[in-house]
Every structure is written in C-alpha cells, then in structure tokens.
Amino acid sequence: MNRTSDQDDRRRRLRELVTSKGFVRTADLAAQFGVSVMTVHRDLDALQAQGWLRKVRGGASSLPSTQFHGSVGERMTTMAQTKQRLARAAAGDLAPGQVVMLDDSTTCLSLTQHLAEQTPITVITNSLPAVTALAREPGVALIALGGTYFPAYDAFMGVHTAHSVESFRADVLFMSTTAVTGGRCYHMSPETVQVKRAMMASAARRVLIIDHTKFANQGLYALAPLTDFDLVVVDDAAPATEVRRLRDSGVRVRVVT
C-alpha cells in the first residue's frame, strides 16, 4: 500500500472512530494509529474541511455546534418543518419556463417538492439528493454540476464545479448559508464559498433562504453581504432586531409565519 493509500485509509478509520464515539483526544488518536500528533492534526484539518468533524481543544468531535453543523442526515432533520415552510413560501416566486439554480443546502432541497407544480422548468444543481429527487420528474430538465464529490455534503464542490457553473445562466438562484453575522453570509468550507459565489454571478435573481438558527451560527469563510441578494426569506422566529437591521441596510426581507 502506498503512502497516499495509507493516509486515506487512516483518515477513513479516524473519521469513523470520531463519529462513533462523539469525541476523541488527539493524543489517543496518535497512539492508536501509530503516528505523530502533528500528523493527526493534519488529518483532522483535512476531515474538518470536508465537513466530517470539527477540531476542538485537545481532540475532535462529531457533535453539532454553532460552527460545525453535522452530516447531511443530521441537517435534514434539523428545523425540518421550518425549512418546509420557507421552501413553500420561496416557491411562490417560481414560474413555468424558468431556469432555476439550487445550491447543496438541505433548506433548498425542500424546494424540489414544489418544482413539479411549475413545469416545464430547468434545474441546475450540485446537490446529489436534489438530482436524485428530480431525475424522473416529468417536465423537469435537469443539469447536474460535476466536480469533486464531498460525501459530508453529499454534493460536488471546488474549482471544477465553480467552472461548470460559469457555463450557465439562471433566471433565479435559491441558496442558503451556514451562518449570518453582521449582515454577511459565512461558511466553514472554502470550496462551498467558491461554488456559491459562482452561482451568484450566474443568476439574474438571487434568493437567500435562512431559518432563524443561522443568526446564532458561526462560519469561518465570508461569502457575501445580504445586500447582494434580491430577496431574503426568513421564518418568524428570526430575531426582530436582525430583521430590522437588514431592512434598514436595504435588504428586501420576507418573513414567513
């Protein structure tokens, strides 16, 4: 087995160990895998960038927090009813014949349930669950964006995906974000930011869909100010001060009850 294969195998087993236990100390990981603490830190950095876990003081955790938001399965069950309400409200802006771009968020995945009501329609997405949901939907012309597959996000990310986006022009983009701080969107993955920026540049109209928990989350990489969106859709549990601040800065906000 070559060095790259050894590394891939170790990171896979490390990821599985952290996932199964919830938290593992860095020193214990180094001892278990027979590598240096620095090697473990590099492994954890790589796995955190892919969205599998989060580094914490002294080790690694797979438990959701304000900065790490868990696997796709965990995110699908978080705020599920609120996401459905937001998606239903956002779907009111759809019209037959449009070219619609969807990001990889579980919030926008809920929109796939409403697209059949607006056919014929063209959908462009990097989300594998969205592709699966729409693959056999009559009246939906589906364009899947390729690139590097990130299992933790169940989506295609990175430079090749961003370049794929640049080949298209959409009437409207629906997207969500990990966190909103100071009127700006943030994410934990630079690959996510790269693709979403390309999507924003390729869409004539941009709609951001966020539930109220996004205002309490944190992210590392800045994506864009909310003033770059034509519409921000939030639920009625969003902090009133935040909604007022956004409106005062010129953001068009729709509050869904």
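Relevant structure appears above.
Computed from a predicted structure; not experimentally measured.

About the criteria used
- Residues numbered from 1 in each chain as written.
- Predicted model: local features only at pLDDT ≥ 70, side-chain atom pairs only at ≥ 80, totals over all residues.
- Heavy atoms only, no water.
- Buried < 20%, exposed > 50% of the residue type's maximum accessible area, 1.4 Å probe, protein only.
- Helix = DSSP H or I, 4+ residues; strand = E, 2+ residues; numbered from the N terminus.
- Pairing = 2+ DSSP bridges.
- Right-handed = clockwise from strand over helix to strand, strands pointing away.
- Salt bridge = Lys/Arg side-chain N within 4 Å of Asp/Glu carboxyl O.
- Axes fitted to C-alpha atoms, helices over the stretch in contact; angles between N-to-C directions.
- Contact = heavy atoms within 4.5 Å.
- Phe/Tyr/Trp six-rings, centres within 6.5 Å; stacked < 30°, edge-to-face > 60°.
- Core = buried A, V, L, I, M, F, W, Y, C linked by side-chain atoms within 4.5 Å.
- Expected span 1.5 Å × (residues − 1).

S.K.: Is there a simple way to explain the pairing of strand S5 (residues 121–125) in this structure?
M.R.: Successive side chains on a regular strand alternate, one facing one side of the sheet and the next facing the other. Counted residue by residue, S5 has four buried out of five residues, so it is predominantly covered. Judged from the four bridges that link them, strand S4 (residues 99–102) and S5 form a sheet pairing that is parallel. Its bridge partner being in S5, Val100 is matched across the sheet by Val123. The pairing of S5 with strand S6 (residues 140–144) spans five bridges and is parallel. Counterpart to Ile121 in the pairing with S6 is Val140. The parallel pair S5 and S6, bridged by helix H7 (residues 128–134), forms a crossover whose chirality is right-handed.

S.K.: Help me understand the pattern of salt bridges, please; the structure alone is not making it clear to me.
M.R.: Pairing between side chains becomes possible if they bear opposite charge and their charged atoms approach one another. Within the structure shown, the criterion is met by 11 salt bridges. Here Arg13 ties to Asp9 by a salt bridge, and the two come within 3.1 Å at their closest N and O atoms. Remark: Asp9 and Arg13 occur in helix H1 (residues 3–21); sequence separation between them is four residues, near one turn of the helix. Residue Asp9 is classed as partly exposed on the basis of its relative accessible area, which comes to 25%. Here Lys196 and Asp103 are joined by a salt bridge, their closest N and O atoms 2.8 Å apart. With a gap of 93 residues between them, Lys196 in helix H9 (residues 190–201) and Asp103 in the loop between S4 and helix H6 (106–109) connect regions that are remote in the sequence.

S.K.: For this particular structure, what's the right way to read the sheet that holds S4?
M.R.: The strand order across the open sheet built from seven strands is S6-S5-S4-S9-S12-S14-S15, with neighbouring strands paired in parallel fashion. Strands at the two margins of the open sheet, each flanked by one partner only, are S6 and strand S15 (253–256). For this sheet the average axis-to-axis angle between neighbouring strands, irrespective of direction, equals 20°. Both strand S12 (residues 206–210) and strand S14 (residues 231–235) contribute to a ladder of four bridges, which runs parallel. The partner of Leu208 across the bridge, within S14, is Val232. Of the strands in this sheet, strand S9 (172–175), S12, S14 and S15 touch helix H5 (residues 80–90), which is tilted by about 145° from S14.

S.K.: Where do I start with the packing of aromatic side chains in this structure?
M.R.: To describe a pair of aromatic rings, one takes the distance between the centres and the angle between the planes. A full pass over the atoms with the stated rule returns two aromatic pairs. Here the aromatic rings of Tyr149 and Phe156 are separated by 5.5 Å at their centres, their planes lie at 55°, and the arrangement is tilted. For Tyr149, a relative accessible area of 36% corresponds to the partly exposed category. Assessed through its relative accessible area of 22%, Phe156 is described here as partly exposed. Here the aromatic rings of Phe150 and Tyr153 are separated by 6.4 Å at their centres, their planes lie at 50°, and the arrangement is tilted. Like Tyr153, Phe150 is buried.

S.K.: Can you walk me through the nonpolar core in this structure?
M.R.: Membership of the largest hydrophobic core comes to 30 residues, with the highest contact counts inside it found for Leu208, Leu226, Val232 and Val234. Residue assignment for this core shows that the elements contributing at least two residues are helix H8 (159–165), S9, H9, S12, strand S13 (221–225), S14 and helix H10 (240–248). Sequence-distant contacts of Val234, that is, excluding residues within four places in its chain, are made with Leu86, Ile210, Phe215, Val243, Val253, Arg254, Val255 and Val256. Ala91, Leu94, Cys108 and Leu134 belong to the second largest nonpolar core, which has 21 residues in total.

S.K.: Even after reading the chapter, I still don't get H9, so can you show me in this structure?
M.R.: Residues lying three or four places apart along an α-helix face the same way, a consequence of the helix completing one turn every 3.6 residues. In a regular helix each residue adds 1.5 Å, so 12 residues correspond to 16 Å; H9 covers 17 Å between its end C-alpha atoms and thus fits that length. Those residues of H9 that sit buried are Thr192, Val193, Val195, Lys196, Ala198, Met199 and Met200.

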